Amino acid sequence: MAEQHVPIDTYTTPAMRVNVKILRFNPEQDKKAHWETYPVDAQPSDRVLDLLNYIKWYVDPTLTFRRSCGHGICGSDAMLIAGRNRLACKTLLRDVVKDGGTLTVEPIRGLKVEKDLLVDMEPFFDSYRAIMPYFINESPPPAAERLQSPEQAERMAHSSNCILCASCTTSCPIFWVNGSYLGPAAIVQAHRFIFDSRDQATNQRLNIMNQNTGVWRCRTAYNCTEACPRDIPITTLIEEVKRAVMYQQS
Ligand code: SF4
Ligand code: F3S
Ligand code: FES
């Protein structure tokens, strides 16, 4: 790959040079993944997504990755950046690499790589669908909203912040060795409805959580909590679901 040293932002003097080392894989021509390194001039305040866009737009248009909102909302650009799952659009260079250093970027683990940094998210969304991620209440709707107290809303405040980025599930060692584990993201989503005072399918979801693909697979490794870009206390929420399952069974 030809080296290019064009600064990302041509209106400012680049303050650092970074070697962006990306794990590349093209199923049409590669038997296995290989590293390619791209020297890029940048600012410490640039985001990793800025560098990936720069490489794709000006160096190698075949580089493949997902991104959409660019602002930490859609959850589409989770990657293994400098050895940890992060959103490329929310990761500043100054937090992950020094001037002259090498920044590694790999696809998230545990899901099939389709090309470069793009993985097949279907198994992840199968687990999401398995917990029935929709509001269930058969009673006649009131004239206005179904109200909650502030305390009731607080019970689901953390879990309703999830953006389904998969950073948690794909950093979980249990998920890596057993893909049938629903995984922390699906449990967070289940938590969101189990602890919704207005929902009427609590027992159904707790039964799903009690299956051998559910909460009991979790060994409190905490990787998920450390990886969450929304600072959701995932392991704590999983423990709350475990207690709710035990309470239901007793
Ligand atoms: Fe992403 Fe956090 Fe939701 Fe997991 S819980 S999918 S890490 S936002
Ligand atoms: Fe996995 Fe998180 Fe449990 S990393 S083992 S789901 S605490
Ligand atoms: Fe949407 Fe990063 S591009 S979260």
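As the structure is a computational prediction, the values presented were derived from the model and not from experiment. (Residues numbered from 1 in each chain as written. Chains lettered and ligands numbered in written order. Predicted model: local features only at pLDDT ≥ 70, side-chain atom pairs only at ≥ 80, totals over all residues. Heavy atoms only, no water.)

Caption draft 1: Focus on the pairing of strand β1 (residues 16–24). Across 9 bridges, β1 lies against strand β2 (residues 34–42) in antiparallel orientation. Counterpart to V20 in the pairing with β2 is Y38. Of the strand pairs in this sheet, β1 and strand β5 (residues 102–106) are connected by 4 bridges, and their pairing is parallel. Residue pairing for β5: K21 is matched across the bridge by T104. (Pairing = 2+ DSSP bridges. Helix = DSSP H or I, 4+ residues; strand = E, 2+ residues; numbered from the N terminus.)

Caption draft 2: Examining the site of ligand 2 more closely. Around ligand 2, the structure places 13 residues, and the nearest of them are C172, Y181, C218, R219 and C224. At the level of elements, α7 (223–227) and α8 (234–249) are the ones that each hand at least two residues to the shell around ligand 2. Each residue belonging to the shell around ligand 2 can be placed in one class, and the counts come to 9 nonpolar, 3 polar and 1 charged. (Near = heavy atom within 4 Å. Nonpolar A, V, L, I, M, F, W, Y, C, P; charged D, E, K, R; others polar.)

Caption draft 3: Summary view of the environment of I73. With respect to the helices and strands, the residue I73 is situated in the loop between α1 (48–59) and β3 (78–81). You can call I73 exposed: its relative accessible area is 55%. Along the chain, I73 and C172 lie 99 residues apart, while their C-alpha atoms are 22 Å from each other. When sequence neighbours within four positions are dropped, the list of residues in contact with I73 reads I163 and R230. (Buried < 20%, exposed > 50% of the residue type's maximum accessible area, 1.4 Å probe, protein only. Contact = heavy atoms within 4.5 Å.)

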